[in-house]
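For reference, the chains in residue letters:
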Amino acid sequence: VSCCCCCCVLLTAPGAAQMAEWNAYYRNEDDEEEQEEGEQSGGDYKITGRDSLVFLVDASKEMFIKGEDGQPSNFDMTMQVVRSVYASKIISSHRDLMALVFYGTEQSKDPSKSFKHVYVYHDLDEPGAKRVQEVDALRGGKGAQLAAETMGSGETSLGDALWCCANLYSDIKLRLSHKRLMIFTCRDKPHEGDSVKDRQARTKSGDLKETGVIIDLMHLMKPDGFDVAPFFRDIISPPEDESELGLQLEPCDKLEDLQKRVRAKEQKKRAQARLHLCLGEGINVAVGIYATAVTARKPAPIRLYRETNEPVRSKTRTFHTQTGSLLLPSEIKKSQVYGKKQIVMEKDEVDAIKKFEDPGMFLIGFKPMERLKRHHHIRPAAFIYPEEDEVKGSACLFSALLTKCHERNVFALCRCVSRRNYPPRFVALVPQKEEVDEGKVQISPSGDTLLGSTKEPNGKIQVDKMKEIVSKLRFKYRSDAFENPVIQQQYRNLEALALDMMAPEDTEDLIMPKVDQMDQRLGPLVQEFKDLVYPADYNPEGKPAAKRKTGGAEKKPKVEVPEDELRAHVQNGTLGKLTVPVLKEACKKFGVHTTGTKKQELIDALVDQLGQ
């Protein structure tokens, strides 16, 4: 059963702002050290450490065959994906480890010098500018020629390649949180029916999976198709959970498809916190809190030592103002002025004041969905999902809770303490069923909501025309389709500086409106709307008329409109195109009495008189 739920923060508890300010002012040194290590105090991560990723690429001759209509070869597409992941890792997770290994080569290169036809191009290490440049050298026609000269194409032994990758992992002394290996190939039978090599590859893949390495297959297109079942079905790892992208039966024939699959496998899915949802006395469900979207921000500046350009780390020490002696943490006390008195407290007392209760979510009750208002949503929503590994039976009980809330159209109101020393907040758990067909998901309800008026507007024709324009300009919005141009330009500049490029790559501002495409969609609708709304001589780019000087005795000329033309304006709802003096003259002509002199009041009076 697929279960999911959105957690929306609704209200903050009384006094929470004051305690948050206290927390920001008196921050524990231990808390700062934990945050520097990347650990969150409220969520207990099951795994901590660095991520690792090994690209195992087939270097056989079939990989270098170019596609039809000038399409890049499978090897060229693979190098573009590797380069993209290298660059993104430098920005997002520069401490992660990555490696690039080729198999099926003529030349051999590995740290142990014991494997033939395996070429370790990059061993497991942090990505850097030099590695990106080396991968760039393998792209395109010149890259294929360089690969042929450096590595060549020879016999294939996937078992030896997996063994070599296992040695790369064993040589790392750091703690690794995730170990992943991606195989890029267009051959479904790499050993051409050699049962001994097939058995050896299956054995080594089993050894890798026992050590926690996840093996994924990124199979590429070949002329007669790619059949995963005969060999690679036993090599790759099964999906970790339902949210994992499972084994794709269809091979990739486009760069975009390959990048999408690699991104889906490579992207980390870490919970912001793992809490217990208490449904009652003795009934706890383990859930993880995930952020569906995070705002991209510019990275914080790093201070460097000017002589060596090495990062510097600042440390704070506290000294006695009179003696100048160094004070230990146990010798420091904190105080708060209250009622013109200075109240001195120990560190343990401050910690006890900041702590409300242990992290967790506690069910208060259920409310109908119509009681949940828009103004209750005061911060971005999060996504919670049951953690079966923490508490057995969490998925089943959470699924039952989700189903009943969805059937009865209610939400669960809870008290949430997301992390240690955080003030409690009221949150609403809104049930959200999994949508199977994205093409049939309703993005927004049909129709418009008109506020501030109880009767039909006079300009119904203009409203209908604008509805046509809005319907023509609708599109399916995706947050990942619009990148921040400022941040993208900054990263382009940094990339050009690190890679010694002559000039940074041009960035496309995706948030700017596509005027040509909009004009093509709308056609004559814009001009028709202008004719209905604006007067005939209206020029939006023209200068406004000069103001008339006060004190002049100039008399306004009377402007009269024929009766049939005036009735046509009333019928079409275009009275707004007439000026106020013209409307006043029309009211006098037809004996319409008005209490006000505003334009809308004159229009309403004429419509009521002539529309009968």
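See the structure printed just above.
The model shown is predicted, which means the values in this text are computed figures rather than measured ones.

**Considering the sheet that holds strand S3 (residues 97–103)**
- On the basis of which strands lie adjacent, the open sheet formed by five strands has the order S4-S3-S2-S5-S6 and mixed pairing. In the strand order of this sheet, the two ends are held by strand S4 (118–125) and strand S6 (213–219), each with one partner. With strand direction ignored, the average angle separating the axes of adjacent strands in the sheet is 15°.
- In this structure, strand S5 (residues 176–185) lies alongside S6, joined through seven bridges in parallel fashion. Counterpart to Phe184 in the pairing with S6 is Met218.
- In this fold helix H7 (residues 195–210) packs onto S5 and S6, with an angle of close to 130° to the strand it touches most, S6.

**Thoughts on the pattern of salt bridges**
- A complete count under the given rule lists 17 salt bridges for this structure.
- In this structure, the salt-bridge partner of Asp123 is Arg131, at a minimum N-O distance of 2.9 Å.
- Judged by its relative accessible area of 39%, Asp123 is partly exposed.
- A salt bridge links Glu346 to Lys333; the shortest N-O distance between them is 3.2 Å. Separated by 13 residues along the polypeptide, Glu346 in the loop between strand S10 (341–345) and helix H9 (347–354) and Lys333 in the loop between strand S8 (283–290) and strand S9 (334–338) bring together distant segments of the chain.
- One salt-bridge network, held together by shared partners, links Arg83, Asp136, Arg139 and Glu495.

**Focus: unusual backbone geometry**
- Even without being glycine, His117 reaches a positive phi, approximately 60°.
- Counting through the fold element by element, His117 comes out in the loop between S3 and S4.
- Non-glycine residue Lys340 carries a positive phi angle of around 60°.
- The residue Lys340 is located in the loop between S9 and S10 in this model.
- With a relative accessible area of 87%, Lys340 lands in the exposed category.

Rules used in this analysis
Residues numbered from 1 in each chain as written. Predicted model: local features only at pLDDT ≥ 70, side-chain atom pairs only at ≥ 80, totals over all residues. Heavy atoms only, no water. Pairing = 2+ DSSP bridges. Helix = DSSP H or I, 4+ residues; strand = E, 2+ residues; numbered from the N terminus. Axes fitted to C-alpha atoms, helices over the stretch in contact; angles between N-to-C directions. Contact = heavy atoms within 4.5 Å. Salt bridge = Lys/Arg side-chain N within 4 Å of Asp/Glu carboxyl O. Buried < 20%, exposed > 50% of the residue type's maximum accessible area, 1.4 Å probe, protein only.

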